[in-house]
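Read off the chains here:
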Amino acid sequence: MASTKTKKGIILINLGSPDSTNVSDLRKYLDEFLMDERVIDKPWLMRALLVKGIIVPFRAPKSAEAYKQIWTEEGSPLIVFTKKLQHALQARVDEPVEIAMRYGNPTAEEAYAALEKRSPEINEVIILPLYPHYAMSSYETAVEHMKKVYKQKKYPFTISFVSPFYKNDAYLNALAASIRPSLEKKYDHILFSYHGVPARHIRKSDVTGCHCLQSDTCCETESPAHAFCYRHQVRTTTRLVCEQLKISPDKYSISFQSRLGKGWLEPFTDIRLEEMPGEGIKNLLILCPAFVSDCLETLEEIAMRGKEIFMKAGGESFKMIPCLNTNALWVDAVEQMVNGEMTSD
Ligand SMILES: C=CC1=C(C)c2cc3[nH]c(cc4nc(cc5[nH]c(cc1n2)c(C)c5CCC(=O)O)C(CCC(=O)O)=C4C)c(C)c3C=C
Ligand SMILES: [Fe+2]
Ligand SMILES: [Fe+2]
């Protein structure tokens, strides 16, 4: 029997941005985002009342102003950097590369259709969610959405997903290289600020039902829960990259940003930024490794508002290390991952 030759296509999926900074586009984007049951995990009616009745009407005008601070002529930084990553990868691989956004545009349907149109003979699509760490509100929802859309039509290809790459060697090398030049100048401390999640989400994702968040050190005790534990994974990325760079544990820490409501992972980035100068940390290096593309949460929340909090509290220098964006070592890592050369589980 003749064997079928594999013809691959690649999709990079990221979170997505509003189409513009108009309040109406913000409403549409926030509605789609926050009505996702993996982001706000309340029963549909309660979620709809909260999102459509309270959060979106109040947040949309404020978010529109925030997006205006970072919007470029080419559009939202998150989309622009994801497209640039697509082109950088495309320059290295023969397989067609498309992008999709979990919320907004381009959609999953468009990405599948674009691959089919570019190469009708594709029989296998590798999907890389652009999140280093597993969270039900990021990695899981991207995967489930791509699967749901895939099932709605008869596509001539199979789909498979790259796992969270928080301890992948090539990713860690890229992250370390992006930090290394900043270590040459004087600094007192490095803050790894990760996007926060509700603690409840971590407990929900605990496959053992009895491990996650049981103590402050449970993330350091081996457990099958860690394949889905955001806190374990961000701690692992931080520890491994600091070991590689020989940064001693007293010189760095982790915090969580962008909280929306109560019961989120602590410590909070904004609170730590206010406290640090009083603890003698006057010269700060900060990075946001939950994001591989600079976006609203890095450029506006941290580089603008976070810096202001720190400097007002008595800080002297605040250096933000950019996301990996189109860093050549990061493109190497992406190329390895879509080629199935993952070293993480
Ligand atoms: C319940 C609310 C939210 C959860 C949980 C959450 C998790 C989460 N988000 C990202 C990545 C990004 N989030 C971004 C923006 C953003 N996030 C939330 C809410 C939750 N996120 C909101 C309401 C917004 C919109 C902006 C705002 O109004 O503040 C972005 C930036 C998008 C952009 O266009 O630049 C990213 C990226 C992760 C990785 C994550 C869980 C780990
Ligand atoms: Fe978010
Ligand atoms: Fe855990």
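Up top is the structure these notes are about.
Below, the structure is looked at part by part. (Residues numbered from 1 in each chain as written. Chains lettered and ligands numbered in written order. Predicted model: local features only at pLDDT ≥ 70, side-chain atom pairs only at ≥ 80, totals over all residues. Heavy atoms only, no water.)

## Quick word on the overall build of the protein
Step number 1: Counting its secondary structure elements, the protein contains 12 helices and eight strands.
Step number 2: A globule of 345 residues ought to have a C-alpha radius of gyration of about 20 Å, and the protein, at 20 Å, matches this closely.
Step number 3: Over its C-alpha atoms, taken along the principal directions, the protein stretches across nearly 70 × 50 × 50 Å.
Step number 4: Counting the 345 residues in the protein, one finds 54% classified as buried.
Step number 5: Partitioning the contacts of the protein with sequence separation of at least 6, the portion at a separation of at least 24 is 73%.
Step number 6: Surface summary for the protein: the accessible area is close to 16100 Å², and the carbon and sulfur share equals 53%. (Helix = DSSP H or I, 4+ residues; strand = E, 2+ residues; numbered from the N terminus. Rg over C-alpha atoms; globule rule 2.2 N^0.38 Å. Buried < 20%, exposed > 50% of the residue type's maximum accessible area, 1.4 Å probe, protein only. Contact = heavy atoms within 4.5 Å. Areas by Shrake-Rupley, 256 points an atom, 1.4 Å probe, with all protein chains shown as cover.)

## Quick word on the site of ligand 1
Step number 1: What surrounds ligand 1 is a group of 26 residues, the closest being Ser17, Arg59, Ser63, Tyr67 and Leu296.
Step number 2: The side chain of serine 17 places a nitrogen or oxygen atom 2.5 Å from an oxygen atom of ligand 1.
Step number 3: Contact between ligand 1 and serine 63: an oxygen atom at 2.5 Å from a side-chain N or O atom of the residue.
Step number 4: Burial of ligand 1 by the protein chains amounts to 97% of its free accessible area of 810 Å².
Step number 5: The set of elements that each furnish at least two residues to the shell around ligand 1 consists of helix H1 (23–34), helix H2 (44–70), helix H5 (136–151) and helix H10 (296–299).
Step number 6: Its residues assigned to classes, the shell around ligand 1 shows 18 nonpolar, six polar and two charged. (Near = heavy atom within 4 Å. Polar contact = N/O pair within 3.5 Å; in protein donor to acceptor, adjacent residues only side chain to side chain. Nonpolar A, V, L, I, M, F, W, Y, C, P; charged D, E, K, R; others polar.)

## Some thoughts on the state of the cysteines
Step number 1: This structure, assessed with the given rule, holds zero disulfides.
Step number 2: You can see cysteine 288 has no disulfide; the closest cysteine sulfur is in cysteine 323, sitting 6.1 Å from it. (Disulfide = S-S within 2.5 Å.)

## So, the environment of alanine 88
Step number 1: The topology assignment puts alanine 88 in helix H3 (residues 77–90).
Step number 2: Alanine 88 sits in the partly exposed class, given a relative accessible area of 23%.
Step number 3: The spatial distance from the C-alpha of alanine 88 to the C-alpha of alanine 48 is 40 Å, given a sequence separation of 40 residues.

## Looking at the packing of helix H4 (residues 108–118) against H5
Step number 1: Viewed as axis vectors pointing N to C, H4 and H5 meet at an angle of 60°, and their least axial separation amounts to 9 Å. Overall, the two elements H4 and H5 adopt an arrangement that is oblique. In this structure, H4 meets H5 at a crossing whose hand is right-handed. Every residue of H5 that contacts H4 at Ala108, Glu109 and Tyr112 is listed here: His145, Met146, Val149 and Tyr150. (Axes fitted to C-alpha atoms, helices over the stretch in contact; angles between N-to-C directions. Parallel < 35°, antiparallel > 145°, perpendicular 65-115°, else oblique. Left-handed = near helix turned anticlockwise from the far one by under 90°.)

## As for the packing of H3 against helix H12 (residues 328–338)
Step number 1: At their nearest, the axes of H3 and H12 sit 10 Å apart, and the two run at 70° to each other. When the axis of H3 is compared with that of H12, the two are roughly perpendicular. Read as a crossing pair, H3 and H12 show a hand that is right-handed. Residues Leu85, Ala88 and Leu89 of H3 form the contact with H12, whose own contacting residues are Trp330, Val331, Val334 and Glu335.
Step number 2: Residues that form the contact of H3 with H12 fall into these classes: six nonpolar, no polar and one charged.

## Comments concerning the sheet that holds strand E5 (residues 189–195)
Step number 1: If you trace the four strands from one edge of the open sheet to the other, you get E6-E5-E7-E8, paired in parallel fashion. A strand with exactly one partner marks an edge of an open sheet, and here the two such strands are strand E6 (252–257) and strand E8 (317–320). Direction aside, the axes of adjacent strands within the sheet are offset by 25° on average.
Step number 2: Relative to E8, strand E7 (residues 283–287) runs parallel, the two sharing four bridges. Its bridge partner being in E8, leucine 284 is matched across the sheet by phenylalanine 318. (Pairing = 2+ DSSP bridges.)

## Quick notes on the packing of aromatic side chains
Step number 1: Summed over the entire model, instances satisfying the criterion amount to 17 aromatic pairs.
Step number 2: Ring centres of tyrosine 134 and tyrosine 139 lie 5.7 Å apart, and the angle between their planes is 45°; on these two criteria the pair is classed as tilted. Like tyrosine 139, tyrosine 134 is buried.
Step number 3: Where phenylalanine 165 meets tyrosine 171, the ring centres are 5.1 Å apart and the plane angle is 75°; that geometry is what we call edge-to-face.
Step number 4: Judged by relative accessible area, phenylalanine 165 falls into the buried class, the value being 0%.
Step number 5: Positioned over the ring face of tyrosine 187 is lysine 251, at 4.7 Å from the centre of the ring.
Step number 6: Over the aromatic face of phenylalanine 268 sits the side chain of arginine 259, whose NZ or CZ is 3.9 Å from the ring centroid. (Phe/Tyr/Trp six-rings, centres within 6.5 Å; stacked < 30°, edge-to-face > 60°. Lys NZ or Arg CZ within 6 Å of the ring centre and 35° of its normal.)

## Some thoughts on empty space enclosed by the protein
Step number 1: Counted under the stated rule, the structure contains two cavities of 30 Å³ or more.
Step number 2: Estimates place the volume of the largest cavity at around 60 Å³.
Step number 3: If you go around the largest cavity, the residues you meet are Tyr171, Leu175, Leu287, Cys288, Pro289, Phe291, Val292, Ile321, Pro322, Cys323 and Leu324.
Step number 4: The computed volume of the second largest cavity comes to approximately 40 Å³.
Step number 5: Lining the second largest cavity are Ala135, Met136, Val197, His201, Ile202, Ser205, Phe228 and Tyr230. (1 Å grid on protein atoms, 1.4 Å probe; cavity = no way out; pocket = protein on both sides within 12 Å on 5 of 7 lines; lining within 4 Å. Points joined across faces, edges and corners; volume = space filled by probe spheres on them.)

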